[in-house]
Amino acid sequence: MFELLGIPPQALFGQLLLGLINGSFYALLSLGLAVIFGLLNIINFSHGAQYMMGAFVAWMGLTYLGIPYWGALVVVPLVVGATGVVIERLMISRLYHLDHLYGLLLTFGLALIIQGLFRNGFGVSGLPYSIPPQLSGGTNLGFMFLPNYRGWVVVASLLVCFGTWFAIERTRLGAYLRAATENPTLVGAFGINVPRMITLTYGFGVALAAFAGVLAAPIYSVNPNMGADLIIVVFAVVVIGGMGSILGAILTGFGLGIVEGLTKVFYPEASSVAIFVIMAIVLLVKPAGLFGRTA
Amino acid sequence: MSVTTETTYTSASQAMPIGTPRHHIIIFAVLLVLLLIAPFVLYPVFIMKILCFALFASALNLLLGFGGLLSFGHAAFFGSASYVTAHAAKVWGLTPEVAILLGTVAAAFLGLVIGALAIRRQGIYFAMVTLAFAQMIFFFALQAPFTGGEDGIQAVPRGDLFGLIPLANDLTLYFVVLTIVFGGLLAIYRIIHSPFGQVLKAIRDNEPRSISLGYKVNRYKLAVFVMSASLAGMAGSTKALVFQLASLTDVYWTMSGEVVLMTLLGGMGTIFGPFVGAAVIVTMQNYFASFGAWVTIMQGTIFVISVLLFREGIVGVISRWIKKPL
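For every chain, the first residue of the written sequence is number 1, and numbering continues from 1 onward in sequence order. Here the convention is simple: chains get letters from A, ligands get numbers from 1, in the order in which they are written. Only residues with pLDDT of at least 70 are given local features in this predicted model, and only at 80 or more are side-chain atom pairs given and counted; all residues enter the totals for whole chains, interfaces and linings.

Q: Hey, could you go over the overall build of chain B for me, with residue numbers and the actual values?
A: Numbering of helices and strands runs from the N terminus, with a helix taken as a DSSP run of H or I at least four residues long and a strand as a DSSP run of E at least two residues long. Each helix and strand counted, chain B has 13 helices and two strands in total. Principal-axis analysis of the C-alpha atoms places the extent of chain B at approximately 50 × 40 × 40 Å. Think of it as a crowd count around each C-beta: if 20 or more other C-beta atoms lie within 10 Å the residue is buried, if 12 or fewer it is exposed, and in between it is partly exposed, with C-beta placed from the backbone throughout. The 326 residues of chain B split such that 52% are buried. Pairs at least 24 apart in sequence give 79% of the contacts found in chain B among residues at least 6 apart. Two residues qualify as being in contact provided that their C-beta atoms, derived from the backbone, are within 7 Å of each other.

Q: Just give me the short version of the overall build of chain A, but keep the residues and values in it.
A: Check the secondary structure of chain A and you find 11 helices and two strands. Starting at the N terminus, the α and β elements of chain A follow one another as α-α-α-α-β-β-α-α-α-α-α-α-α. Based on the C-alpha atoms only, the size of chain A along its principal axes is roughly 65 × 50 × 35 Å. Counting only residues that meet the buried cut, chain A has 49% of its 295 residues in that class.

Q: Account for the nonpolar core, naming residues and giving values.
A: To count as a nonpolar core, a set of buried Ala, Val, Leu, Ile, Met, Phe, Trp, Tyr and Cys residues must be joined through C-beta atoms within 7 Å. Residues Ala236(A), Met279(A), Leu55(B), Phe56(B), Met128(B) and Ala132(B) are the most contacted members of the largest nonpolar core, which totals 200 residues. Other than its neighbours up to four places away in sequence, Leu55(B) contacts Val181(B), Gly184(B), Leu185(B), Leu231(B), Met234(B) and Ala235(B).

Q: Give a description of the interface of chain A and chain B that names residues and reports values.
A: At the junction of the two partners, chain A supplies 36 residues and chain B supplies 36 residues. Element by element, the count of residues in the side of chain A that touches chain B is highest for helix H4 (residues 100–122) of chain A, at 16 residues. When grouped by side-chain class, the residues that make up the side of chain A that touches chain B number 26 nonpolar, six polar and four charged. Under this grouping Gly is polar, as are all residues other than the nonpolar Ala, Val, Leu, Ile, Met, Phe, Trp, Tyr, Cys and Pro and the charged Asp, Glu, Lys and Arg.

Q: Can you break down unusual backbone geometry residue by residue, with the values?
A: Despite not being glycine, Ala155(B) shows a phi value in the positive range, around 50 degrees. Relative to the helices and strands, Ala155(B) is located in the loop between helix H5 (123–143) and strand E1 (160–161).

Q: Outline the packing of helix H10 (residues 246–266) of chain A against helix H11 (residues 274–285) of chain A, listing residues and values.
A: Residues and elements named next belong to chain A. The axes used here are C-alpha line fits, helices contributing only the stretch in contact, and every angle between their N-to-C directions lies in the interval 0 to 180 degrees. Where H10 contacts H11, the two axes come as close as 9 Å, and the packing angle between them is 120 degrees. On the basis of the axis angle, H10 is oblique to H11. Between H10 and H11 lies a crossing of right-handed hand. Only Ala274, Ile275 and Ile278 of H11 make contact with H10, whose side of the interface consists of Leu256, Val259, Glu260 and Thr263. Residues of the contact of H10 with H11, tallied by class, amount to five nonpolar, one polar and one charged. Geometric relationships in this document are graded by angle, where less than 35 degrees denotes roughly parallel, more than 145 denotes roughly antiparallel, 65 to 115 denotes roughly perpendicular, and other angles denote oblique. Crossings are assigned a handedness: left-handed for a near helix turned anticlockwise from the far helix by less than a right angle, right-handed for a clockwise turn.

Q: Got a sec to walk through the confidence of the model for chain A? Specific residues and values, please.
A: Each residue carries a pLDDT score, the predictor's confidence in it, ranging from 0 to 100. Per-residue pLDDT for chain A averages 89, and the proportion of residues at 70 or more is 97%. Looking across chain A, the model is least confident in strand E1 (residues 138–140) of chain A, with a mean pLDDT of 82, and most confident in helix H3 (residues 69–90) of chain A, with 95.

Q: Please set out the environment of Gly121(A) residue by residue, giving values where relevant.
A: If you trace the backbone, Gly121(A) turns up in helix H4. Residues Gly121(A) and Glu269(A), spaced 148 residues apart in sequence, show a C-alpha to C-alpha distance of 35 Å.

Q: Describe the environment of Tyr149(A), naming the residues involved and giving the relevant values.
A: Residue and element names in this part refer to chain A. Mapping Tyr149 onto the fold places it in helix H5 (residues 148–170). In this structure, the C-alpha to C-alpha distance between Tyr149 and Ile246, residues 97 residues apart in sequence, is 26 Å. When sequence neighbours within four positions are dropped, the list of residues in contact with Tyr149 reads Ile131, Leu135 and Pro218.

Q: So what's going on with the confidence of the model for chain B? Residues and values would help.
A: All names here are of chain B. For chain B, mean pLDDT is 89; residues scoring 70 or higher make up 94% of the total. Residue range residues 1–14 is modelled with pLDDT below 50. Its contacts to residues more than four positions away, or to other chains, number 34 contacts. Scored by ipTM, the complex comes to 0.87, with pTM at 0.89.

Q: Break down helix H1 (residues 22–41) of chain B for me, with residues and values.
A: Each helix should span, by expectation, one fewer than its residue count multiplied by 1.5 Å. Taking 1.5 Å of rise per residue, the 20 residues of H1(B) would be expected to cover 28 Å, and the 29 Å separating its terminal C-alpha atoms lies within 8% of that figure. Little of H1(B) is tucked away: one of the 20 residues are buried.

Q: Mind laying out the environment of Val199(B), listing which residues take part and the relevant values?
A: All names here are of chain B. Position of Val199 among the secondary structure elements: in helix H7 (residues 195–205). Residue Val199 is classed as partly exposed on the basis of its 18 C-beta neighbours within 10 Å. Contact partners of Val199, with chain neighbours within four places excluded, come to Tyr215 and Tyr220.

Dropping the structure here:
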């Protein structure tokens, strides 16, 4: 077996896999942020809390109602997405005529409320969620041992990301969406119900976060703070990628996950700040972001 | 701020007559008298906490209310200044005034670096960039050897002011803190009402127009960012001496959120709003401390209500009633 710069290949591939898994979550979450930002022009600060809600609702479904993992994967995004629709109708829709910063402040407040409620209800110690039996165990790939569930996370994230990209860039509905992003008034004049589209878009973005939460539940312990720190890293990912392009958000998410994994191999002390350092460099070299249009 | 959206941070920005309005002088005087009496009526440490956060929130308001820049990472300056002061006082054994000065300088330097990067983006991106850099500082504080990790720096000696006056007594310390904070508030007032402050408001209200008038907008933004960071640092340094503690709470994003909440609740772009906001939030935290996560829920609720129904803030509403800028 070959060695790379004195690093055993098991460690290298192990960290690469971890990086890929982190990247899967970065991609799903920054995709949701980008979809919401595109149409609503707000940054959804409660995205991390909604990701956490996804994991918790999956846990509650399994514990109280006996809904298995595969059911949760479908039901939970719908349930959490529905709460997103309610939030958009009741609160966010009142802020569109104001500066975008108010949307950020409102969703920050919502994130505090959601996190506080779950902390009151379930404590901070974290709850276990077992891996579905079909995906337990692992596969020996020859150069490394791949736990099946982790492989599934990467595949599922890629599928959903690609599906979203396809829906937005290649379908009629997506064409309406992109048109409304450019000029909502004109699209409304053509008889398309833009406010309803905005509401559903927010719901969809929130559902993406909840889907990521369900995927995360068996890997990380389900606890009220799981989304809070993650979302800040995702913000950095979004700044690096720029929110102009769907594909850009996906690529940046996976790419940065891998870079972070590699940093863990070669210089572990810097791994938690690697993404922020990259953000600083991108701000210096290409302030609009790698895929961004100049704002 | 984009040009198309309606101006939302008004209420204090009407054209003002030359010179300091008399009602401002009266309010400052009454405030000072109240604060001089307060430690004999209330618990001094509690009022010192309000004072430190009032300065912190006013520093943020200088940037947000008058510069139009929402920083979601001000805990970075507050917290790192707090660490530097605690380290200087405890490990190097420096006198409190030098320790506070060092903390403030550290925050100013940090503000220069982060500010220079952050002002390259506008609006919500600016908020995200500052938040991300603050999180980076948090991770640094978590791992760096001199910060004490999860424990923080505890039992920081208050020392002797100028090597002469011992500050161990809460009441003695109170008057030092009052001097620092009141000085800071007057400095902010002066900055807002200087020609520099007028240009700042012009940039906030219409950036392209300010550029076309020939102002180097980015220099103004960076300057106000550094000023705001330094004053936030001064608040953090003072806090480290009051509580004899510098900890990870001071650099965490929740602290950045709290100070934004104080400013929003009190009134963005008003002079006395952040002080009122800080007093309300600190009092609330003190009375409801035993309810645990309910404090977080309450703060979130105040955020939501403020944004939906109460965007002018407490002082903003009063200012509209009496038809005078406050």
